[in-house]
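Chains, contacts and geometry: an overview
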Amino acid sequence: MGRSSASSVTSLLRDFVAVLFVLSWISASSAATRRFKFNVEWKSVTRLCHTKPLLTVNGQYPGPTIAVHEGDNVEIKVTNSISTNTTLHWHGIKQLRTGWADGPAYITQCPIQSGHTYTYKFQVIDQRGTLWWHSHVFWQRASVNGALIIYPRMPYPFKPKPHAEIPPIVFGEWWNGDVDAVEEQMMLGGGGPNVSDAYTINGLPGPLYPCSSSAKHTFVTSVSRGKTYLLRIVNAALNNEMFFAVANHTLTVVEVDAAYTKPFKTSAIMIAPGQTTSVLLTADQVPDDSTGGMFAMSLTPYVTAPIFPFDNSTAVGFLRYTNTTRKTRMMSSQQQPSTFTIPTNFKLHNLPDMLDTQFAMKFSTSLRSLATSKYPCNVPQTFDKRVFVTIGLQLQDCPPNRTCTGYDGKRFFASMNNQSFIRPTAAILQSYYHDLKRPGYTTDFAEKPPAEFDFSGVDPFTLNMNTEFGSKILSVPHGTNLEFVFQNTNFLHMENHPIHLHGHNFFVLGYGFGNFDPNKHPAQYNLVDPVERNTVAVPSGGWAAIRFKADNPGAWFIHCHLEEHTTWGLATAFIVQNGPLPSQSLLPPPHDLPSC
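Conventions we followed
- Residues numbered from 1 in each chain as written.
- Predicted model: local features only at pLDDT ≥ 70, side-chain atom pairs only at ≥ 80, totals over all residues.
- Heavy atoms only, no water.
- UniProt positions renumbered as here; feature names shortened; annotations may be inferred.
- pLDDT = per-residue confidence, 0-100.
- Contact = heavy atoms within 4.5 Å.
- Buried < 20%, exposed > 50% of the residue type's maximum accessible area, 1.4 Å probe, protein only.
- Helix = DSSP H or I, 4+ residues; strand = E, 2+ residues; numbered from the N terminus.
- Pairing = 2+ DSSP bridges.
- Axes fitted to C-alpha atoms, helices over the stretch in contact; angles between N-to-C directions.
- Disulfide = S-S within 2.5 Å.
- Domains from an automatic or database assignment.
- Buried area = accessible area lost by both parts, 1.4 Å probe.
- Salt bridge = Lys/Arg side-chain N within 4 Å of Asp/Glu carboxyl O.
- Core = buried A, V, L, I, M, F, W, Y, C linked by side-chain atoms within 4.5 Å.

- Per an unreviewed UniProt entry, the protein goes by Laccase and derives from Kalanchoe fedtschenkoi.
- Its UniProt record gives the protein the following Function (unreviewed entry) comment, quoted word for word: "Lignin degradation and detoxification of lignin-derived products."
- Per UniProt, the comment on the protein under Catalytic activity (unreviewed entry) is "4 hydroquinone + O2 = 4 benzosemiquinone + 2 H2O".

Written as structure tokens, this is what we have:
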């Protein structure tokens, strides 16, 4: 091909890209805009016979559900009506070129100060399903959270088609005391935090807790026998992975983290903090009149660190059949939803044991992408950069003249590649965008651990476990195929760690127990239909490998979604640099972006 021909082809390609960019802009500008108003405020709430001020959005606990459609523009005006800072994060939204709306404090934005407002603006592109939102300052997300539903443009790709949807089911934790005080005490003494007093289903603990035997404190949802329902489930708990089951009913998993999956049946699910799971449930049982046509929906922790104190209780809600026997129909017709009689003779069928790692691993490895022509699995077949990251808890020597309440008189911390992350005093994204000379971070995060050892087999408590503190992050060119291998360490104990990645979905190529072997395990990767997620549960005593194309310009947080671990430093961040095209560059910051 001659020089003039090559120049013509280049010109045509440039024009074609420009046309696509204009068309995408026109499409975005013509899309529907959904607007919401959120007010972060205190509200008096009573649970377990304890009344306390609880941080809420619009006075709701959990907060309001955001429902939008695929392709919508979304604007959420957040007013901070409390005396301390706040931010909100739209967990799982990819924020394509709109990192300013992602929300984690001092990563993509400075917090919203008391009395101020900030409007988060983004478009929902190529995503559909169940996500959620939550505060991303300190431990505010204990009560500042809610579901985020993205309705698809096309019909659901799974069968049977649901007759109806049950309102989103949000799991959480309740403390009788002040959650801020729990966090402050943990950091002051360096020990583990006080455990919650109850688990909750949509903010309600259920009849197994004190002062909670009435329908007022129990989640109840009604179904009709013979119909199929879609359940959207969110784990918003601060510090616990969860098992969930519905007595006598089989669940069919059809979507996780707003990505469709190959449907599979299961007696229960394991769901880590930060994750969402959508399931089909067919009301195919014959209810017992003695229980008022109700079947227990039970929630209990999946525990991988039994050496630490944990809340070993169980929250219960109920699935209530409304078209059962004549006796049950008569009882139901005489009762309003708020006056249901909660049965006392219910049974918790299908719920795994709290220590059942085998079930948790089987559930996680059963998840597969749909991988069809309409919903392809675009997993990168190769990688440009592999980052091997050790994760886990460590002990820090107690500073002089201090009393530390962690193990052996020391302080608990957590790390990635032996760095406990410290957030800068100015947001990383703002510093990067404005090219500040002293940005508060460096881009030399270690791409492998500083020392090689038997990560999963070390004798706990015997080695020097002091960590380093810093703000080292990664920086990669636009379009880099990144592979992260997260390796659990056994300095203190093995524990399941849900690692959440902001700004991108990723594909889970594989899991394993023990140490990751780069000469053996990559050959066992699933590169055909690996599950697509935004939060991966790295198995207790093992590893997980993920891969994605870093093609969303901005600064993005990576962290454990067990809030105590993020507070202890199990986090870092990475920058995706602008690409060569205008459509591959970060948009300018909005005029109302908060300042530090």
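Quick notes on the confidence of the model for the protein
- The pLDDT averaged across the protein works out to 90; a share of 91% of its residues lies at or above 70.
- Under a pLDDT of 50 for its full length, residues 1-29 has, in the predicted model, eight contacts with residues more than four places off or in other chains.
- Considering only residues more than four positions removed or in separate chains, one finds that residues 326-338, a stretch of pLDDT under 50, has 13 contacts.

Re helix 4 (residues 357-365)
- Taken together, the buried positions of helix 4 are Phe359, Ala360, Met361, Phe363 and Ser364.
- Looking at the buried side of helix 4, the elements it contacts are strand 14 (241-246), strand 15 (251-256), strand 16 (259-266), strand 17 (269-271), strand 19 (294-302) and strand 28 (506-513).

Things to note about the UniProt feature "domain: Plastocyanin-like" (unreviewed entry) in the protein
- UniProt feature "domain: Plastocyanin-like" (unreviewed entry): in the numbering of this structure it lies at residues 40-153, 168-323 and 446-578.
- Across residues 40-153 one finds 0% helix and 46% strand; the C-alpha atoms that close the span lie 32 Å apart.

Things to note about the pairing of strand 33 (residues 571-576)
- Across the six residues of strand 33, six count as buried, placing the element largely inside the fold.
- Neither face of strand 33 is left uncovered, since the one carrying Ala571, Ala573 and Ile575 and the one carrying Thr572, Phe574 and Val576 both have all their residues buried.
- The pairing of strand 32 (residues 554-560) with strand 33 spans six bridges and is antiparallel. Looking across to strand 33, one finds that phenylalanine 557 is bridged to alanine 573.

Notes on the sheet that holds strand 12 (residues 220-223)
- The strand order across the open sheet built from five strands is 12-20-19-14-17, with neighbouring strands paired in mixed fashion. Strand pairing shows two members of the sheet lacking a second neighbour, strand 12 and strand 17, which therefore form its edges. Adjacent strand axes in the sheet meet at a mean angle of 25° when their direction is disregarded.
- The pairing of strand 14 with strand 19 spans six bridges and is antiparallel. Looking at the pairing, phenylalanine 244 lines up with leucine 299 of strand 19.
- Contacts from helix 4 reach strand 14, strand 17 and strand 19, with the element oriented near 85° to strand 17.

Describing the state of the cysteines
- Applying the stated criterion to the full structure yields three disulfides.
- With a sulfur-sulfur separation of 1.8 Å, cysteine 49 is cross-linked through a disulfide to cysteine 211. Measuring the twist about the S-S bond at about -100°, one finds the cysteine 49-cysteine 211 disulfide to be left-handed. With cysteine 49 in the loop between strand 1 (33-47) and strand 2 (50-57) and cysteine 211 in the loop between strand 11 (198-201) and strand 12, this residue pair connects regions lying 162 residues apart in the sequence.
- Note that cysteine 110 is cross-linked by a disulfide to cysteine 596, the S-S spacing being 1.9 Å.

Structural notes on the domain arrangement of the protein
- Considered domain by domain, the protein is made up of domain 1 (30-154), domain 2 (156-325 + 342-366) and domain 3 (385-576).
- A straight line from the C-alpha centre of domain 1 to that of domain 2 covers 22 Å.
- Contacts between domain 1 and domain 2 engage 27 residues on the former and 42 residues on the latter.
- Across the domain 1/domain 2 interface, buried area totals approximately 3,000 Å², and carbon plus sulfur atoms make up 65% of it.
- Per-residue buried area on domain 1 facing domain 2 is highest for Leu48, Thr130 and Trp139; these three make up 29% of the total on that side.
- Counting across the interface, domain 1 meets domain 2 through zero salt bridges.

Here we look at the pattern of salt bridges
- In the structure shown here, the tally under the stated rule is 14 salt bridges.
- Here aspartate 257 and arginine 533 are joined by a salt bridge, their closest N and O atoms 3.1 Å apart. Residue aspartate 257 is located in the loop between strand 15 and strand 16, and its partner arginine 533 is located in strand 29 (residues 532-533); the two are separated by 276 residues in the primary sequence.
- The class of arginine 533 is buried, set by a relative accessible area of 3%.
- Its salt-bridge partner being lysine 410, residue aspartate 397 comes within 3.4 Å of it at the nearest N-O pair. With a gap of 13 residues between them, aspartate 397 in the loop between strand 21 (385-396) and strand 22 (411-416) and lysine 410 in the loop between strand 21 and strand 22 connect regions that are remote in the sequence.
- The network of salt bridges with common partners includes Glu70, Asp126, Arg128 and Arg153.

Section: the side chain of glutamine 140
- Residue position: glutamine 140 is located in the loop between strand 7 (129-135) and strand 8 (145-151).
- Setting aside anything within four residues of it in sequence, one finds glutamine 140 in contact with Leu55, Ile82, Thr84, Asn85, Thr86 and Ser135.

With respect to the nonpolar core
- Counting residues in hydrophobic clusters, the biggest one holds 93 residues, and the most contacted among them are Phe484 and Ile499.
- Setting aside residues no more than four positions away along its own chain, isoleucine 499 makes contact with Ile391, Met416, Phe486, Phe506, Asn534, Thr535, Val536, Val538, Ile558, His559, Cys560 and Leu570.
- Phe36, Val68, Tyr441 and Ile575 belong to the second largest nonpolar core, which has 40 residues in total.

Comments concerning the sheet that holds strand 33
- Here five strands make up an open sheet; going across it, the order is 25-33-32-27-30 and the pairing mixed. A single partner strand is all that each edge strand has here, and the edge strands are strand 25 (474-476) and strand 30 (535-538). Direction aside, neighbouring strands of the sheet carry axes that sit 20° apart on average.
- Here three bridges tie strand 27 (residues 497-501) to strand 32, and the two strands are oriented antiparallel to one another.

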